[in-house]
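# What the coordinates show
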Amino acid sequence: MKAVVLAAGEGTRIRPLSGSVPKPMLPVADRPLVAHTVDAAIDAGADEIVLVVGYESETVREFFGATYRGVSVSYAVQTDQNGTADAVNAASEYLDGPFAVLNGDNLYDPSAVAALFDSCPAVCAIEVENPRNYGVLSTDDGTVVDIVEKPADPPTNLANAGAYAFPERARDWLDVPASERGEHEITDVLARVIDEFAVTPVTTDRWMDVGRPWELLEANEWKLGELDRSIEGEVSDAAQLEGDVVVEEGATVKPGVVVEGPALIRSGATVGPNAYVRGATLLGEDVSVGNAVEIKNSVLSRGTSVSHLSYVGDSVLGRNINFGAGTTVANLRHDDESVKFTVKGERVSTNRRKFGVVAGDGVKTGINTSLTPGLKLETAATTRPGEVVERDR
Ligand code: TTP
């Protein structure tokens, strides 16, 4: 079966992390987010991948090329991000026969994707506590009979987990009218398929939609948690690596370092001397973590430096950031409330008791900067020495 993977969006809710790379190309463990989707499709038996690209599409093309893991990859360009059905429609010239549609910013359980392919027409479903935030599926006698978006009074607690196996006929139904929010939605295509075919709900225990910065952290928690210990880089005898720690070839771990897995130290990264890295943590390519620095449950993207006397906890740092000596991140509120974060101008709860900061590419902090929980530092923002930063900048 061909798998259409949607990767045309910018990811406005995940800004500033999507400043130079589209959300699907943000790092999740050792690969971009969308590579986990494509891998799940290939593991499920996809014989061709069609990637729908748009925003910063070159980064996606460079990563996958024309063939990925021996499977042919085609690219369809969606010029304006007018919705998920519109995105699949952009790929319609590649479609002959049944086809799967997966979101390039979702993490799937690969075995659920395999079951989806085997059960076409089918949709992945997951039981959730609060179905009001999802597309909700109703079933009857093992078949999906309805889907309703974010209902006030959900008929079931079965949420649409964003993975579809459509029959060939669905190719003719992609041109759906715009929804209330002005987008052409794949769920309206699913509704038509439900009307005309017996659609199987394939239940999955684990699924994740990465929309906001702390969800990128949670995606890393998931995928770093699947690592098996592997030490290929240069590790000092006076360093201590505990649990599932991966040190890639070309990475260096100096004396006095303690790493508690799960942690991934990518090629070109340097840690220590005397640093403490706690899981789940990703230190991306060419990251530098120096003397007397503690990093806990965080993502540091390519080229970022936290070189001296600093603490970073439950945070997501973009590329080529420099944290000055003594920069300290607070990740817990004194009132013990969940940390809040501003998404597209609105304060929302992260539902996390511990969450630190999100910093865009090229941020520079002055020495002894203190950063409060849930803070957002935009691309290339700076702080002055000794500043206590309590508001986004
Ligand atoms: P969304 O997460 O709804 O949109 P987005 O990725 O643009 O993010 P944001 O809302 O923060 O701006 O998209 C779901 C998936 O579909 C995701 O993989 C991106 C993809 N997509 C497209 O390819 N084209 C589109 O027009 C839209 C709306 C989404």
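Residues numbered from 1 in each chain as written. Predicted model: local features only at pLDDT ≥ 70, side-chain atom pairs only at ≥ 80, totals over all residues. Heavy atoms only, no water.

As annotated in an unreviewed UniProt entry, the protein chain carries the name Bifunctional protein GlmU and comes from Natrialba asiatica.

The subject of this paragraph is the site of the ligand. Around the ligand, the structure places 19 residues, and the nearest of them are Leu6, Thr12, Arg13, Gln78 and Gly83. At 3.3 Å from an oxygen atom of the ligand is found a side-chain nitrogen or oxygen belonging to lysine 23. If you list the elements that add at least two residues to the shell around the ligand, you get strand E1 (2-7) and helix H3 (84-90). Class assignment for the residues of the shell around the ligand results in four nonpolar, 10 polar and five charged. (Near = heavy atom within 4 Å. Polar contact = N/O pair within 3.5 Å; in protein donor to acceptor, adjacent residues only side chain to side chain. Helix = DSSP H or I, 4+ residues; strand = E, 2+ residues; numbered from the N terminus. Nonpolar A, V, L, I, M, F, W, Y, C, P; charged D, E, K, R; others polar.)

What follows concerns the pairing of strand E33 (residues 340-343). In this structure, E33 lies alongside strand E34 (residues 346-349), joined through four bridges in antiparallel fashion. For threonine 342, the partnering residue across the bridge sits in E34 and is arginine 347. As consecutive antiparallel partners, E33 and E34 are separated by two residues, and within that stretch lysine 344 has a phi angle of approximately 50°, a positive value. (Pairing = 2+ DSSP bridges.)

Further remarks concern the environment of glycine 268. Following the sequence through the fold, glycine 268 ends up in the loop between strand E21 (263-265) and strand E22 (270-271). For the pair glycine 268 and alanine 91, spaced 177 residues apart in sequence, the C-alpha to C-alpha distance is 37 Å. In this structure glycine 268 touches Gly250, Ala251, Asp286 and Val287, once residues within four positions along its chain are discounted. (Contact = heavy atoms within 4.5 Å.)

A few words on the sheet that holds E21. Taking strand neighbours across the sheet as the criterion, the eight strands line up as E15-E18-E21-E24-E27-E30-E35-E38 in an open arrangement whose pairing is parallel. Across the chains shown, the open sheet's two edge strands, defined by having one partner strand only, are strand E15 (230-231) and strand E38 (375-377). Bridging between strand E35 (residues 357-359) and E38 involves three bridges; their strand directions are parallel. Residue pairing for E38: alanine 359 is matched across the bridge by leucine 377.

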